[in-house]
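Listed below, chain by chain, are the residues.
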Amino acid sequence: MTCTYNGSCLCNKVTFTVNGFSDKAANCYCTMCQKFHGSAFGTLVGVIGLTWDSGFKYLKHYTATNGTIRTFCMECGSSLGFRVKNAALEEIELAIATFNDDIPVNIDAQIYTSYRANWCVLQHDLPIFNEGRL
Ligand SMILES: [Zn+2]
Ligand SMILES: [Zn+2]
């Protein structure tokens, strides 16, 4: 039996299904994640077997000055995913909070914490990295 996990943007035009997740997921406090997600940190996770079920035409891709690509819904603005420079859409990491139900993912690190906003408190039961993972 194949497990499926469903997610969507806020307006529900963009919906997707995956079959699994990468074993690493970090809360990222970098400035770009703060801006893109409009929050203290972003959490993205690699996925297995991604299918865009609806709303593919609503996907909008923003390429930042460093070449990283962020994908969002052009109707409701929901932050959906991230890719490294020149990566294909198939390699997208999805914003973990867009899944509809609980998913089998464990956050195992806090990264780029040197960019953390002063009003945000880190979790002390998770490894803390000033920049990326070592
Ligand atoms: Zn939307
Ligand atoms: Zn980040």
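Before reading on, note that the structure itself is shown above.
The structure displayed is predicted, hence computed values, not measured ones.

Asks: Summarise the pattern of salt bridges; cite the residues concerned and give the values.
Replies: Scanning the model with the defined rule gives one salt bridge in all. Of the charged contacts in the structure, one is a salt bridge between Arg133 and Asp108, with a shortest N-O distance of 2.7 Å. With Arg133 in the segment after strand 10 (109–111) and Asp108 in the loop between strand 9 (93–95) and strand 10, this pair connects stretches of sequence that are 25 residues apart.

Asks: For the sheet that holds strand 5 (residues 51–54), give the residues involved together with the corresponding values.
Replies: Reading across the sheet, the three strands line up as 1-2-5 and stay open at both edges, with antiparallel pairing between neighbours. Edge positions in the sheet fall to strand 1 (5–8) and strand 5, since each has one partner strand and no second. Taking the axes of each pair of neighbouring strands and ignoring which way they run, one obtains an average angle of 30 degrees across the sheet. Pairing analysis gives four bridges linking strand 1 to strand 2 (residues 15–18), with the strands arranged antiparallel. Its bridge partner being in strand 2, Asn6 is matched across the sheet by Thr17.

Asks: I'd like a rundown of the coordination of the zinc ion (ligand 1), residues and numbers included.
Replies: Of the protein atoms, only Cys9 (SG), Cys11 (SG), Cys73 (SG) and Cys76 (SG) coordinate the zinc ion (ligand 1), at distances of 2.3 to 2.4 Å. Between the four donor atoms coordinating the zinc ion (ligand 1), the angles at the centre fall across 102 to 113 degrees, so the site counts as tetrahedral.

Asks: I'd like a description of the sheet that holds strand 6 (residues 59–63), backed by residues and values.
Replies: If you walk across this open sheet you meet the seven strands as 6-7-8-9-4-3-10, and the pairing is mixed. The strands lining the two open edges of the sheet, one partner per strand, are strand 6 and strand 10. Averaged over all adjacent pairs, the angle separating strand axes in this sheet is 30 degrees, with direction ignored. Direction of pairing for strand 6 relative to strand 7 (residues 69–73): antiparallel, over a ladder of five bridges. In the strand pairing of strand 7, Lys60 is matched with Phe72.

Asks: Give me the layout of surface pockets: which residues, what numbers.
Replies: Volume-wise, the largest pocket comes out at about 470 Å³. Around the largest pocket sit 22 residues that line it, and Cys28, Leu44, Phe82, Glu93 and Ile111 are the ones nearest its centre. Its residues assigned to classes, the lining of the largest pocket comprises 11 nonpolar, seven polar and four charged.

Asks: Break down the state of the cysteines for me, citing the residues and quoting the values.
Replies: For the coordinates displayed, the defined rule picks out zero disulfides. With no disulfide of its own, Cys120 lies 12 Å from the sulfur of Cys28, the closest cysteine sulfur.

Rules used throughout
- Residues numbered from 1 in each chain as written.
- Chains lettered and ligands numbered in written order.
- Predicted model: local features only at pLDDT ≥ 70, side-chain atom pairs only at ≥ 80, totals over all residues.
- Heavy atoms only, no water.
- Salt bridge = Lys/Arg side-chain N within 4 Å of Asp/Glu carboxyl O.
- Helix = DSSP H or I, 4+ residues; strand = E, 2+ residues; numbered from the N terminus.
- Pairing = 2+ DSSP bridges.
- Axes fitted to C-alpha atoms, helices over the stretch in contact; angles between N-to-C directions.
- Donors = N, O, S within 2.8 Å, 3.2 Å for Na, K, Ca; no water.
- Tetrahedral: all angles 85-135°; square planar, octahedral: opposite > 155°, others 65-115°.
- 1 Å grid on protein atoms, 1.4 Å probe; cavity = no way out; pocket = protein on both sides within 12 Å on 5 of 7 lines; lining within 4 Å.
- Points joined across faces, edges and corners; volume = space filled by probe spheres on them.
- Nonpolar A, V, L, I, M, F, W, Y, C, P; charged D, E, K, R; others polar.
- Disulfide = S-S within 2.5 Å.

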